[in-house]
Amino acid sequence: MTPLTGAARPRRGERLSNTAFALLLTLPGVALFAAIVCYPLIASLVTGFFEQSLVLPGRSFVGLSNYREALEGDFWPVLRQTAVFTLGATAIPFVLGFALALALNSGIRGSGFLRGLFLFPWVIPGVVVSFLWMWIFNANYGVLNGVLTRLGLIDESVTWLGEPGTAMLAVIVTKSWASFPWIMVMMLAALQTVPRELHEAAAVDGSGAIRRFRTVTWPGVRGVAAIAILLEFIWNFQHFDTIYVLTGGGPAGSTETFAVAVYREAFHGFDLGRATALGGLWMVLLLGLVGLYLRMFERETDR
């Protein structure tokens, strides 16, 4: 076998120049990422250790004081309300979206038209959805009160967005209506990957609908369902627009989540230090959820 001649071998200088060229190609993207993501993130985390106002110049170092005040103040009530909103706005659209996916996958008449119709709430901007449901929940001329009154279920109008007991439910319903279509699409795609031969074989063996769902359908879509639930949970954990437009975190802070609380501290209280500290604690929780999602996604990819 003829040995490789010196002229055919890549020279060390050429290898270095290729590496340098590759680094130059990635440099604009890295610089843009650092300017847009890394610098604001680091700057905001540093701000959490200072007493700084949004409207007054200067700042003073206070160490962990902002974090301690956040933990002793609003953190736990806000965490509880964020958890209630996140769980409700994840469970309801998943159940509704999965049920609709099962119905559409069964081959009912007009399934193509219904699939497009059910996507309608998903394509509407979140602020528009919020104003639409604000009109539905209005205590004076809202559609919901009118329908319930005609059905004899209520005797007088209910202030859905003005009572702590009903405001969170109204916000969850609004967010669920806006987000169930994408879960429906995800689960419908997963259902269509389950071979029909398995259903037919199970039916021949005498399995009923519930048993076929438990032994054939659910194992085939379980991975997609887990990822969809976790993604929806992460998105709801940081959701802002629906809550802020409908209630602004009220009444009496009963619907205030982390996103609304950080906004209130920064742009209503003008306290950047405390807002950043609360946001930093919020970010730690989000990183845990993102880590769980990445681990689950990697596990599903390896299957």
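Preceding this section is the structure that the text describes.
From a predicted model like this one, the values you see are computed outputs, not experimental measurements. (Residues numbered from 1 in each chain as written. Predicted model: local features only at pLDDT ≥ 70, side-chain atom pairs only at ≥ 80, totals over all residues. Heavy atoms only, no water.)

### Observations regarding the overall build of the protein chain
Across its full length, the protein chain holds 13 helices and two strands. The C-alpha atoms of the protein chain give 26 Å as radius of gyration, which overshoots the globular expectation for 303 residues (19 Å, by more than 25%). Dimensions of the protein chain, computed from the C-alpha atoms along their principal axes, are close to 90 × 70 × 30 Å. Of all 303 residues assigned to the protein chain, the portion counted as buried reaches 36%. Taking as baseline every contact in the protein chain between residues at least 6 positions apart, the subset at least 24 positions apart corresponds to 69%. Carbon and sulfur atoms make up 67% of the accessible area of the protein chain, which amounts to about 18000 Å² in all. For the protein chain, the distance from the average site of its 21 positive side-chain charges to the average site of its 19 negative ones is 12 Å. (Helix = DSSP H or I, 4+ residues; strand = E, 2+ residues; numbered from the N terminus. Rg over C-alpha atoms; globule rule 2.2 N^0.38 Å. Buried < 20%, exposed > 50% of the residue type's maximum accessible area, 1.4 Å probe, protein only. Contact = heavy atoms within 4.5 Å. Areas by Shrake-Rupley, 256 points an atom, 1.4 Å probe, with all protein chains shown as cover. Lys, Arg positive; Asp, Glu negative; His and termini not counted. Charge placed at Lys NZ, Arg CZ, Asp CG, Glu CD.)

### With respect to the pattern of salt bridges
For the structure on display, the rule yields five salt bridges. A salt bridge links Arg-264 to Glu-256, with the shortest nitrogen-to-oxygen separation between them at 2.4 Å. For Glu-256, a relative accessible area of 10% corresponds to the buried category. In this structure, the salt-bridge partner of Glu-265 is Arg-274, at a minimum N-O distance of 3.8 Å. A residue is classified by how much of its surface remains accessible, and Glu-265, at 9% relative accessible area, is buried. Residue class for Arg-274 comes out partly exposed when judged on its relative accessible area of 21%. Through salt bridges with shared partners, a single network forms among Asp-74, Glu-256, Arg-264, Glu-265 and Arg-274. (Salt bridge = Lys/Arg side-chain N within 4 Å of Asp/Glu carboxyl O.)

### What about helix H3 (residues 75-105)?
When the terminal C-alpha atoms of H3 are compared, their 44 Å separation across 31 residues agrees well with the 45 Å that a helix rising 1.5 Å per residue should span. Gly-107 lies just past H3 and shows a positive phi near 85°. (Expected span 1.5 Å × (residues − 1).)

### As for helix H6 (residues 126-137)
The periodicity of an α-helix, 3.6 residues per turn, causes residues three or four positions apart to be oriented the same way. The end-to-end C-alpha distance of H6, which contains twelve residues, comes to 16 Å, matching closely the 16 Å that a straight helix rising 1.5 Å per residue would cover. All of the buried residues along H6 are Val-129, Ser-130, Trp-133, Ile-136 and Phe-137. Looking down the long axis of H6, one finds its buried residues gathered within 120° of arc, a one-sided arrangement. On its buried face, H6 sits against helix H5 (120-123), helix H7 (143-150), helix H8 (164-191) and helix H11 (241-246). (Arc of directions from axis to C-beta.)

### What about unusual backbone geometry?
Put simply, Gly-250 and Pro-251 share a cis peptide bond, and its omega is -5°. Position of Pro-251 among the secondary structure elements: in the loop between H11 and helix H12 (258-267). Unlike most non-glycine residues, Ala-252 shows phi in positive territory, near 55°. With respect to the helices and strands, the residue Ala-252 is situated in the loop between H11 and H12. Residue Phe-270 is not a glycine yet carries a positive backbone phi of 55°. Secondary-structure assignment places Phe-270 in the loop between H12 and helix H13 (272-302). Note on Phe-270: relative accessible area 36%, which makes it partly exposed.

Keep in mind these numbers describe shape, not what the thing actually does.
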